[in-house]
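Fold and geometry: a report
Here's the letter readout for the chains.
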Amino acid sequence: MKYDHLIVRYGELTLKGSNRKKFVNQLKTNVTRALKPLDGFHIKGKRDRMYIELFEEADIDEIIHRLSKVYGIKSISPVLKTEKNDQAMADVAVQLAQSFDKGSTFKIDVKRSDKSYPKDTYELQREIGGAVLKNVEGLTVDVRQPQHEIRVEVRLDAIYIYVEVIQGSGGLPVGTGGKTLLMLSGGIDSPVAGMEVMKRGVTIEAIHFHSPPFTSEKAKEKVIELTRIMSERVGPIKLHIVPFTDLQKQINKSVHPRYTMTSTRRLMMRVADQLVHKIGALGIVNGENLGQVASQTLNSMYAINHVTSTPVLRPLLTLDKEDIVKKAKEIGTFEVSIQPYEDCCTIFTPKNPVTEPDFNKVMEYESVFNFDSMVDDAVENIETIVVDKNYKSEKDKSTDALMEDLF
Ligand code: ATP
Ligand code: MG
């Protein structure tokens with residue numbers, strides 16, 4: 001079957017009255033990017049849905065696969081567009097029904113939004129159903145639980161006929177909800193947290209704290225790879241890598257061993273907060289999960305959160321670990337996350353960090369040393385890279401590619 005159009009149905013954005021135009025335009029931009037460099041199609045973003053016209057050379061399966069990963073799309077249907085007459089409709093329905101297995105059941109479902117069309121819904125259903133029964137052998141009608149449903153939409157501009165409705169990712173188009181800074185470790189949780197907020201339309205830049213030589217180049221590569229995987233779905237992502245070694249050493253010198261974890265998190269948060277203001281973001285996102293580990297009790301969160309008035313979004317806060325793992329597998333980051341490279345936090349983690357830090361003690365330990373200028377230095381020396389789906393690290397680049405970069 002050679003379909004000539006795709007209908008792309010919007011997610012929740014149909015609900016958003018006056019913002020709809022902005023949402024539709026953003027979705028169109030995101031779809032255009034997701035389909036690059038494929039060709040053989042033309043995108044038309046309408047108020048209520050998007051139509052993608054398909055030409056001869058279009059790779060329809062690949063196009064649908066890519067669309068199914070774009071946030072803001074509820075469902076996709078490959079359709080045949082026909083002229084507005086009874087015969088054309090019946091012909092197309094017959095053509096579609098020819099691919100149904102012998103002995104299977106079907107039903108015709110007509111939606112007639114063009115109320116001026118001379119025949120009503122019921123008449124059309126009966127006539128088209130009749131044509132299918134007459135021309136395709138071995139099918140029967142079942143209006144309650146059909147194996148196949150031929151859907152016919154009689155609209156003002158044309159008639160669209162289709163069978164399949166393919167599930168999209170739902171959510172809202174990335175780019176319609178402001179910008180946040182994602183604290184990205186090499187673990188399982190933070191990439192999932194990032195995707196969760198992007199599914200709500202928010203864009204991210206990512207920040208990673210790196211402590212060479214305590215954490216290796218491999219650990220950094222891992223975070224770059226996680227960012228690359230995320231970017232496959234949402235487009236290029238800026239990754240800010242913070243040199244964190246000096247701060248971490250200082251924390252270990254100044255703070256009681258049982259409190260170094262808390263202070264490390266607080267200083268990470270302070271650096272992140274400065275960067276938030278620099279890049280014009282409006283929130284910090286992390287992968288924290290209530291009660292999961294020592295640094296994630298409510299007590300700890302209170303102490304860590306105290307350094308900032310920026311909203312800290314924790315989309316995984318109440319999820320079970322197995323649900324987070326499932327999501328990580330869906331977005332494709334799980335296999336990378338479980339690679340065993342050390343994290344800058346785990347490497348300095350004391351044997352028994354305090355799980356319920358006493359806030360007064362936190363303040364007391366940190367008052368011994370003034371961290372302000374070290375925080376400023378860390379922010380000053382951030383290395384920023386833009387990671388897109390084709391990103392290759394320096395070490396993976398062939399000499400040719402490196403030469404290309406030079407010119
Ligand atoms: P994750 O799987 O995301 O590492 P986790 O369950 O291992 O989460 P922690 O290691 O306690 O939890 O980290 C909690 C959150 O702090 C992480 O989800 C992440 O947002 C942030 N974080 C931890 N380490 C780093 C780091 N090196 N760079 C940036 N953010 C970090
Ligand atoms: Mg971790």
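Thresholds applied
- Residues numbered from 1 in each chain as written.
- Chains lettered and ligands numbered in written order.
- Predicted model: local features only at pLDDT ≥ 70, side-chain atom pairs only at ≥ 80, totals over all residues.
- Heavy atoms only, no water.
- Helix = DSSP H or I, 4+ residues; strand = E, 2+ residues; numbered from the N terminus.
- Rg over C-alpha atoms; globule rule 2.2 N^0.38 Å.
- Buried < 20%, exposed > 50% of the residue type's maximum accessible area, 1.4 Å probe, protein only.
- Salt bridge = Lys/Arg side-chain N within 4 Å of Asp/Glu carboxyl O.
- Expected span 1.5 Å × (residues − 1).
- Arc of directions from axis to C-beta.
- Contact = heavy atoms within 4.5 Å.
- Polar contact = N/O pair within 3.5 Å; in protein donor to acceptor, adjacent residues only side chain to side chain.
- Phe/Tyr/Trp six-rings, centres within 6.5 Å; stacked < 30°, edge-to-face > 60°.
- Lys NZ or Arg CZ within 6 Å of the ring centre and 35° of its normal.
- UniProt positions renumbered as here; feature names shortened; annotations may be inferred.
- Domains from an automatic or database assignment.
- Buried area = accessible area lost by both parts, 1.4 Å probe.
- Nonpolar A, V, L, I, M, F, W, Y, C, P; charged D, E, K, R; others polar.
- 1 Å grid on protein atoms, 1.4 Å probe; cavity = no way out; pocket = protein on both sides within 12 Å on 5 of 7 lines; lining within 4 Å.
- Points joined across faces, edges and corners; volume = space filled by probe spheres on them.

1. Looking at the overall build of the protein
- Secondary structure assignment for the protein yields 14 helices and 15 strands.
- Expected size for 407 residues packed as a compact globule is a radius of gyration near 22 Å; at 27 Å, the protein overshoots this value by more than 25%.
- Considered along the principal axes of its C-alpha atoms, the protein spans approximately 85 × 50 × 40 Å.
- Relative to its 407 residues, the protein shows a buried fraction of 51%.

2. Quick notes on the pattern of salt bridges
- Inspection of the entire model under this criterion finds 19 salt bridges.
- A salt bridge links E149 to R151, with the nearest nitrogen and oxygen atoms 4.0 Å apart.
- On the basis of relative accessible area, E149 is assigned to the partly exposed category, the value being 21%.
- Of the charged contacts in the structure, one is a salt bridge between R270 and D372, with a shortest N-O distance of 2.6 Å. Placement of R270 in helix α8 (residues 260–279) and of D372 in helix α13 (residues 372–380) is noted, with a sequence separation of 102 residues between them.
- Among the residues examined, R270 registers a relative accessible area of 22% and is labelled partly exposed.
- Overall, D372 belongs to the partly exposed group, its relative accessible area being 41%.
- Residues joined in a network through salt bridges with shared partners are D48, R49, E153 and R155.

3. Observations regarding helix α4 (residues 121–135)
- With 15 residues, α4 extends 21 Å between its outermost C-alpha atoms, agreeing within 8% with the 21 Å of an ideal straight helix rising 1.5 Å per residue.
- For α4, the complete set of buried residues consists of L124, I128, G129, A131 and V132. The buried residues of α4 occupy one face: seen down the axis, they fall within an arc of 155°. Away from the buried face of α4 by more than 90 degrees, exposed residues Y122, R126 and K134 are located.
- Residues of α4 that are buried make contact with α3 (86–97), β5 (105–112) and β7 (148–154).
- Two to three positions downstream of the cap, the backbone nitrogen of Y122 sits 3.2 Å from a side-chain oxygen, assigning the N-cap of α4 to D120.

4. Structural notes on the packing of aromatic side chains
- Counted under the stated rule, the structure contains 5 aromatic pairs.
- An angle of 65° between the planes, with centres 4.9 Å apart, marks the rings of F209 and F244 as edge-to-face. Here F209 is found in strand β11 (residues 203–210), whereas its partner F244 is found in the loop between β12 (237–243) and α7 (245–254), with 35 residues between them in sequence.
- Taken together, a centroid distance of 5.0 Å and an interplanar angle of 70° make the contact between F369 and F371 edge-to-face.
- With relative accessibility at 27%, the residue F369 sits in the partly exposed group.
- A cation over an aromatic ring shows up here: K329 above the ring of F334, its NZ or CZ 4.8 Å from the ring centre.

5. Things to note about the UniProt feature "domain: THUMP" (unreviewed entry) in the protein
- Per the UniProt record, "domain: THUMP" (unreviewed entry) is annotated on residues 61–165.
- Taken end to end, residues 61–165 is 32% helix and 30% strand, and its two terminal C-alpha atoms sit 14 Å from one another.

6. So, the environment of M1
- Checked against the element boundaries, M1 lands in the segment before β1 (5–10).
- A relative accessible area of 48% means that M1 is categorised as partly exposed.
- Distance in space between the C-alpha atoms of M1 and S99 is 8.3 Å, their sequence separation being 98 residues.
- When sequence neighbours within four positions are dropped, the list of residues in contact with M1 reads L80, Q95 and L96.

7. A word on the domain arrangement of the protein
- Split by domain assignment, the protein resolves into domain 1 (5–167) and domain 2 (179–400).
- Each partner contributes to the interface: domain 1 provides 7 residues, whereas domain 2 provides 9 residues.
- Carbon and sulfur atoms supply 42% of the area that domain 1 and domain 2 bury against each other, a total of about 690 Å² over both sides.
- Looking only at domain 1, the three residues that lose the most surface to domain 2 are R33, K69 and Y71, adding up to 79% of its buried area.
- Linking domain 1 with domain 2 are 0 salt bridges, by the criterion used here.
- Where domain 1 meets domain 2, there are 3 residue pairs in polar contact (both at pLDDT 80 or more).
- Its residues placed into classes, the side of domain 1 that touches domain 2 shows 1 nonpolar, 1 polar and 5 charged.

8. Overview of the environment of Y341
- Residue placement: Y341 occurs in the loop between α11 (334–337) and α12 (359–367).
- Taking the C-alpha atoms as reference, Y341 lies 9.8 Å from E221; in sequence the two are 120 residues apart.
- Setting aside anything within four residues of it in sequence, one finds Y341 in contact with K218, A219 and K222.

9. Focus: the UniProt feature "binding site: ATP" (unreviewed entry) in the protein
- The UniProt record annotates "binding site: ATP" (unreviewed entry) at M183, L184, H208, F209, R265, G287 and Q296.
- On the secondary structure map, Q296 appears in the loop between β13 (284–285) and α9 (298–305).
- Ignoring any residue separated from it by four or fewer positions in sequence, one finds Q296 in contact with G287, E288, N289, L290, G291 and M301.

10. Considering the layout of surface pockets
- Considered as a void within the structure, the second largest pocket measures approximately 340 Å³ in volume.
- What lines the second largest pocket is a set of 13 residues, and nearest its centre among them are H65, R66, K69, E232 and R233.
- When residues of the lining of the second largest pocket are traced back to their parent elements, those giving at least two are α2 (60–67), α6 (217–234) and α10 (321–331).
- A per-class count over the lining of the second largest pocket returns 4 nonpolar, 2 polar and 7 charged.
- Structurally, the lining of the second largest pocket is a two-domain feature, drawing no fewer than three residues from each of domain 1 (5–167) and domain 2 (179–400).

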